[in-house]
Amino acid sequence: MRCDLRVTRKAVALLAILILSVVWSKPAAAQQDAQTQQDVQQLKAKLQQLEQMMGEVKDQINSLENQPSETLASAVNASIDPHPTAHAAPALAPTPIGGRGQPDQKKSVSDTTMDIYGFAMMDAGYDFGQEDPDWADVLRPTKLPAFPNQFGQNGQTFFSVKQTRFGVKTSTPTSLGDLKTIFEFELFGTGVDAGQTTFRLRHAWGELGHFGAGQTWSPFMDPNVFPNSIEYWGPNGMVFFRNIQFRWTPIKGERGTFMIAAERPGASADQGVYSGRVELSNITPQFILPDLSMQAHFDGKWGYLQIASMFRRIAWADNAPTPQFNLSGSAFGWGINTSSNLKMGKDTTGRFQLVYGHGIENYMNDAPIDIGIENNFSNPVSPIKGVPLPVLGAVMFFDHNWNPKFSSTLGGSMVNIWNSDAESPNDYHQGYYALTNLLYSPTKNVMAGGEFQFGRRVNLANGYNFNDYRIQFSFKYSYGHTFVF
């Protein structure tokens, strides 16, 4: 009996344990089911995200497979760039033209862009006065007659396509900054090609980060002072010189820049009243040091202010085999150029410049000589000497947009040179330049307009001056396109 009772008790205990385990397992099972459902939902969400990402990857792969090999290679290189600067945007569907690139394509951070631009332009007009025939299609006070009828009778019609221009710009991102280049030329002959319609280099420039080299605007110059005119040569009192240079720009910011450059030296001289003397026939220029230019540019909502400086050494050597005199010498040239563009309402811009210096005429837009002849009779070994001529230039123009199709410009410019005492009486002393116009753009990239121009030359000492009046009509057809590689 006791044995049966013990068995019965064990059976009852086991049964109780089984019942309790079943009862306790129900909440645990319910909790486990809830957790399982939550895990399933999370997995489904992740799967949906993966499917969306796979779709985007497939679209990118399809787009890349349709691109030319150059663009595909650049995209691959961008994907493995160890120093990315930003996340590249997905490539757009290509529209290749002759396999040269992707026009109108969205640019990524590793793309090279190439801009091809320029215009065809025709000028025609009538000069009521007279001017050096080599410069008949522009207005330069230094090229107006120095004595009566120097270039014939008054009145001359002119036609020209010399302003026609072509240029190519490129930009390539690198780990050292953007690599930029520009190559640009026009058809306006100067120097030995004066008066000719021929190729003339404007810019041949390369720039990487803070350093650049080649031919472009001198830092002593401010190209934004040039008004919205159709006369090619521009204000005579403006600093205007594209020079070969090596440039360093240590400060590049949204509010301003600072740059310094070593530029190709050069200067011109006048023998004055001693022109043709045999004693001066063996004098040659000597440029040992480059010209040094600096520029500080400050931007604001009102416009900008720019201050530039120039320092240069000009030298010449007397190479006569048995010299009677010592006519070798040197001079120090310097200049300060202050310029600005001021916003005068939303439709008007004022362009201003004031420059003063000694021996900087080479950098001026229309000033003849840097070094003049001065008498030095107190020294029998060097009875004459060369001196840097002081020059003052001023520019003031106003550009106004009447509406999206019509615009006008009004303003003037002047140059004054303090001549030396041994210059010729008919040497250039002062020049004045003024114009006003009405320009019309019937559609994008097309311009036509008419302009009235005035120029005046004043000689040094013979009392002669000449006023010139001109009208000009121009037609300009521009083009440009950006290619992405």
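Residues numbered from 1 in each chain as written. Predicted model: local features only at pLDDT ≥ 70, side-chain atom pairs only at ≥ 80, totals over all residues. Heavy atoms only, no water.

Trainee: Looking at this model, I keep getting lost on the overall build of the protein chain. Mind explaining?
Mentor: Across its full length, the protein chain carries 2 helices and 21 strands. The proportion of buried residues among the 485 residues of the protein chain is 40%. By sequence separation, contacts in the protein chain at least 24 residues apart represent 66% of the contacts at least 6 residues apart. A total of about 26,500 Å² of accessible surface is found on the protein chain, and carbon and sulfur atoms cover 61% of it. (Helix = DSSP H or I, 4+ residues; strand = E, 2+ residues; numbered from the N terminus. Buried < 20%, exposed > 50% of the residue type's maximum accessible area, 1.4 Å probe, protein only. Contact = heavy atoms within 4.5 Å. Areas by Shrake-Rupley, 256 points an atom, 1.4 Å probe, with all protein chains shown as cover.)

Trainee: Hey, could you run me through the nonpolar core in this one?
Mentor: A general feature of soluble globular proteins is that nonpolar side chains tend to end up buried together. Of all hydrophobic cores here, the largest spans 27 residues; its most connected members are Phe220, Met238, Val239 and Ile417. Of all elements in the fold, only β12 (303–318), β17 (390–401), β18 (406–417) and β19 (428–440) reach the threshold of two or more residues within this core. Apart from the residues lying within four places of it in its own chain, the contact partners of phenylalanine 220 are Val239, Ser293, Ala308, Ser309, Met310, Gly335, Ile336, Asn337, Val355, Ile360 and Tyr363. (Core = buried A, V, L, I, M, F, W, Y, C linked by side-chain atoms within 4.5 Å.)

Trainee: Looking at this structure, I do not really get the environment of phenylalanine 147. What am I missing?
Mentor: Residue placement: phenylalanine 147 occurs in the loop between β2 (113–127) and β3 (156–160). For the pair phenylalanine 147 and phenylalanine 466, spaced 319 residues apart in the sequence, the C-alpha separation amounts to 8.4 Å.

Trainee: Help me understand unusual backbone geometry, please; the structure alone is not making it clear to me.
Mentor: Note on backbone geometry: most residues besides glycine have negative phi, and most peptide bonds are trans. Not every positive phi belongs to a glycine, and asparagine 149 is a case in point at roughly 55°. Relative to the helices and strands, asparagine 149 resides in the loop between β2 and β3. Of note in the backbone geometry, asparagine 445 takes a positive phi value of approximately 75° without being a glycine. With respect to the element layout, asparagine 445 can be found in the loop between β19 and β20 (446–459). Among the residues examined, asparagine 445 registers a relative accessible area of 40% and is labelled partly exposed.

Trainee: How should I be thinking about the environment of glutamine 150 in this particular structure?
Mentor: Relative to the elements of secondary structure, glutamine 150 occurs in the loop between β2 and β3. On the accessibility criterion, glutamine 150 (30% relative accessible area) is partly exposed. Distance in space between the C-alpha atoms of glutamine 150 and aspartate 132 is 8.4 Å, their sequence separation being 18 residues. Leave out the neighbours within four places in its chain, and glutamine 150 touches Gln130, Leu144 and Pro145. Polar contacts involving the side chain of glutamine 150 include one to the main-chain amide nitrogen of alanine 146, which spans 2.6 Å. (Polar contact = N/O pair within 3.5 Å; in protein donor to acceptor, adjacent residues only side chain to side chain.)

Trainee: Would you take a moment to explain the pattern of salt bridges for this structure?
Mentor: For side chains of opposite charge, pairing can occur when their charged atoms come near one another. Taken as a whole and assessed by the stated rule, the structure comprises 15 salt bridges. Arginine 277 is the partner of glutamate 279 in a salt bridge, and the nearest nitrogen-oxygen pair spans 3.3 Å. It is possible to trace a salt-bridge network through shared partners that takes in Arg165, Glu184, Glu186, Arg200, Arg202 and Arg242. (Salt bridge = Lys/Arg side-chain N within 4 Å of Asp/Glu carboxyl O.)

Trainee: Can you walk me through the packing of aromatic side chains in this structure?
Mentor: Any aromatic ring pair is given by two values, namely how distant the centres are and how the planes are angled relative to each other. A complete count under the given rule lists 22 aromatic pairs for this structure. Ring-pair connections join several aromatic residues into one group, and the members of that group are Trp135, Phe188, Tyr232 and Trp233. Here the guanidinium or amino end of lysine 162 rests over the ring plane of phenylalanine 188, the centre of that ring lying 5.0 Å away. Across from the ring centre of phenylalanine 119, 4.3 Å away, lies the NZ or CZ of lysine 476, which sits over that ring. (Phe/Tyr/Trp six-rings, centres within 6.5 Å; stacked < 30°, edge-to-face > 60°. Lys NZ or Arg CZ within 6 Å of the ring centre and 35° of its normal.)

Trainee: What's the story with the environment of proline 148 in this structure? I'm lost.
Mentor: Note that proline 148 resides in the loop between β2 and β3. For the pair proline 148 and tyrosine 464, spaced 316 residues apart in sequence, the C-alpha to C-alpha distance is 8.5 Å.

Trainee: How do you make sense of a nonpolar patch on the surface when you look at a structure like this?
Mentor: Taken together, Tyr126, Phe128, Phe452, Tyr469, Ile471, Phe473, Phe475 and Tyr477 make up a surface patch of nonpolar side chains, about 750 Å² in accessible area. Of the residues forming the nonpolar patch, the biggest block, 5 residues, is contributed by strand β21 (residues 465–484). Within the element layout of this structure, tyrosine 126 appears in strand β2. Given a relative accessible area of 32%, tyrosine 126 falls into the partly exposed group. (Patch = residues over 30% accessible without salt bridge, like charges linked within 9 Å, V, L, I, M, F, W, Y side chains within 5 Å.)

Trainee: It is not clear to me how the side chain of histidine 297 should be interpreted in this structure. Could you clarify?
Mentor: Its place among the elements puts histidine 297 in strand β11 (residues 291–300). By relative accessible area, histidine 297 is classed as buried at 12%. In this structure the side chain of histidine 297 is engaged in a polar contact, spanning 3.0 Å, whose partner is the side chain of aspartate 299. In this structure the side chain of histidine 297 is engaged in a polar contact, spanning 2.9 Å, whose partner is the side chain of glutamine 306. The contacts of histidine 297, once residues within four sequence positions are left out, are Arg255, Gly256, Thr257, Tyr304, Leu305 and Gln306.

Trainee: Hey, could you run me through the pairing of β21 in this one?
Mentor: The two faces of a sheet get side chains in turn, since along a regular strand they alternate between them. Taken together, the 15 bridges between β2 and β21 define a ladder with antiparallel strand orientation. Residue pairing in the sheet places methionine 114 in a bridge with phenylalanine 483 of β21. As paired elements, β20 and β21 share 13 bridges and run antiparallel to each other. Bridging from a neighbouring strand, glycine 450 pairs with phenylalanine 473 of β21. Between the end of β20 and the start of β21, which pair antiparallel, lie 5 residues, with glycine 463 showing a positive phi angle near 80°. (Pairing = 2+ DSSP bridges.)

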